[in-house]
Amino acid sequence: DIQMTQSPASLSASLGETVSIECLASEGISNDLAWYQQKSGKSPQLLIYAASRLQDGVPSRFSGSGSGTRYSLKISGMQPEDEADYFCQQSYKYPFTFGSGTKLEIK
Amino acid sequence: EVQLQESGPGLVKPSQSLSLTCSVTGYSITSNYWGWIRKFPGNKMEWMGYISYSGSTSYNPSLKSRISITRDTSKNQFFLQLNSVTTEDTATYYCARLFNYGSYVFDYWGQGVMVTVSS
């Protein structure tokens with residue numbers, strides 16, 4: 001299975017701050033990487049697919065980048081509603097696997 | 001709008017079978033792929049498997065001997081059965097649509113159902 005190592009496990013940011021979350025795949029995944037946001041008590045919401053494509057309706061302060069084995073999610077200007085868990089998922093090979101998640105809080 | 005809703009018992013005894021239903025509205029399950037994902041206490045997430053528009057299935061090898069995903073197209077529902085459960089299967093179970101945007105992603109999710117395995 002492809003292992004997805006996500007960092008950091010937790011992060012606190014001030015309003016307006018830019019934050020980055022990373023996922024490192026155990027082998028190349030050819031940009032088959034998605035990012036999800038999960039707010040407390042809610043179901044996950046798709047933010048980014050194909051490493052860098054913004055899902056419809058997602059604010060433009062969210063962006064994704066990366067290639068090969070290393071990918072990142074950036075939030076440019078932390079907002080109160082961005083407090084949530086974030087996780088990555090690869091779909092390059094079966095079984096699909098997820099990162100361990102990042103808990104993002106407001107400082 | 002595509003909506004998914006899980007239902008099923010919240011408590012299952014060890015060695016028994018876990019059975020969940022995902023009811024889909026706003027989209028036919030005879031299109032695309034429909035999956036089950038679970039989130040363990042401690043936040044680890046695991047893709048369990050999916051059923052396709054044609055009824056074919058794919059399962060996570062870690063579960064292959066215990067899992068079955070089926071469907072009822074007349075009710076636009078699909079189902080998860082996990083046999084011989086242990087306390088390690090305690091998790092929140094989600095159903096989701098798996099869509100190919102050039103890579104496969106889960107773009108619509110149910111709200112999740114928490115299942116505890118305990119005697």
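Structure shown above.
What you see is a predicted model; the values in this text were computed from it and never measured. (Residues numbered from 1 in each chain as written. Chains lettered and ligands numbered in written order. Predicted model: local features only at pLDDT ≥ 70, side-chain atom pairs only at ≥ 80, totals over all residues. Heavy atoms only, no water.)

Undergrad: Report on the sheet that holds strand β7 (residues 62-67) of chain A, specifying residues and quantitative values.
TA: Residues and elements named next belong to chain A. Strands sit in the order β1-β3-β8-β7 across an open sheet of four strands; the sheet is antiparallel. Either end of the sheet is taken by a strand with one partner, and the two such strands are β1 (4-7) and β7. Each neighbouring strand pair of the sheet contributes to a mean axis angle of 20°, computed without reference to strand direction. As judged from the six bridges shared by β7 and strand β8 (residues 70-76), these two strands associate in the antiparallel manner. Residue pairing for β8: Ser65 is matched across the bridge by Ser72. (Pairing = 2+ DSSP bridges. Helix = DSSP H or I, 4+ residues; strand = E, 2+ residues; numbered from the N terminus. Axes fitted to C-alpha atoms, helices over the stretch in contact; angles between N-to-C directions.)

Undergrad: Which residues make up the state of the cysteines, and what are the values?
TA: Inspection of the entire model under this criterion finds two disulfides over all chains. The side chain of Cys23(A) participates in a disulfide bridge whose partner is Cys88(A); the two sulfur atoms lie 1.8 Å from each other. In this structure the cystine formed by Cys23(A) and Cys88(A) twists about its S-S bond by roughly -80°; its chirality is therefore left-handed. One end of the pair, Cys23(A), is in strand β3 (residues 18-25); the other, Cys88(A), is in strand β9 (residues 84-90), with 65 residues separating them in the sequence. For Cys23(A), a relative accessible area of 1% gives the class buried. A relative accessible area of 0% places Cys88(A) in the buried class. At a sulfur-sulfur separation of 2.1 Å, the disulfide partner of Cys22(B) is Cys95(B). With the S-S bond torsion at 65°, the cross-link from Cys22(B) to Cys95(B) turns out right-handed. Of this pair, Cys22(B) sits in strand β3 (residues 18-25) while Cys95(B) sits in strand β9 (residues 91-100), placing them 73 residues apart in sequence. For the pair Cys22(B) and Cys95(B), a shared accessibility class is recorded, and that class is buried. (Disulfide = S-S within 2.5 Å. Buried < 20%, exposed > 50% of the residue type's maximum accessible area, 1.4 Å probe, protein only.)

Undergrad: How would you sum up the nonpolar core? Please name residues and give values.
TA: The tendency in soluble globular proteins is for nonpolar side chains to be buried as a group. All names here are of chain B. If you look at the biggest cluster of nonpolar residues, it comprises 27 residues, and the most contacted ones within it are Leu18, Trp36, Phe78, Leu80 and Tyr93. Those elements giving two or more residues to this core turn out to be β3, β4 (33-39), β5 (45-52), β7 (67-72), β8 (77-82), β9 and β11 (113-117). Here this core takes four residues from β3, the largest share from any one element. (Core = buried A, V, L, I, M, F, W, Y, C linked by side-chain atoms within 4.5 Å.)

Undergrad: Tell me about the interface of chain A and chain B, and please be specific about residues and values.
TA: On the side of chain B, 22 residues touch chain A, which itself brings 20 residues to the contact. In total, chain A and chain B occlude about 1800 Å² of area from one another, counting both sides; carbon and sulfur atoms represent 60% of this. Contact with chain B buries area across many residues of chain A, yet Tyr94(A), Phe96(A) and Phe98(A) alone supply 29% of it, more than any other trio. Connecting chain A to chain B are zero salt bridges. Run the count over chain A and chain B and you get six residue pairs in polar contact (both at pLDDT 80 or more). (Contact = heavy atoms within 4.5 Å. Buried area = accessible area lost by both parts, 1.4 Å probe. Salt bridge = Lys/Arg side-chain N within 4 Å of Asp/Glu carboxyl O. Polar contact = N/O pair within 3.5 Å; in protein donor to acceptor, adjacent residues only side chain to side chain.)

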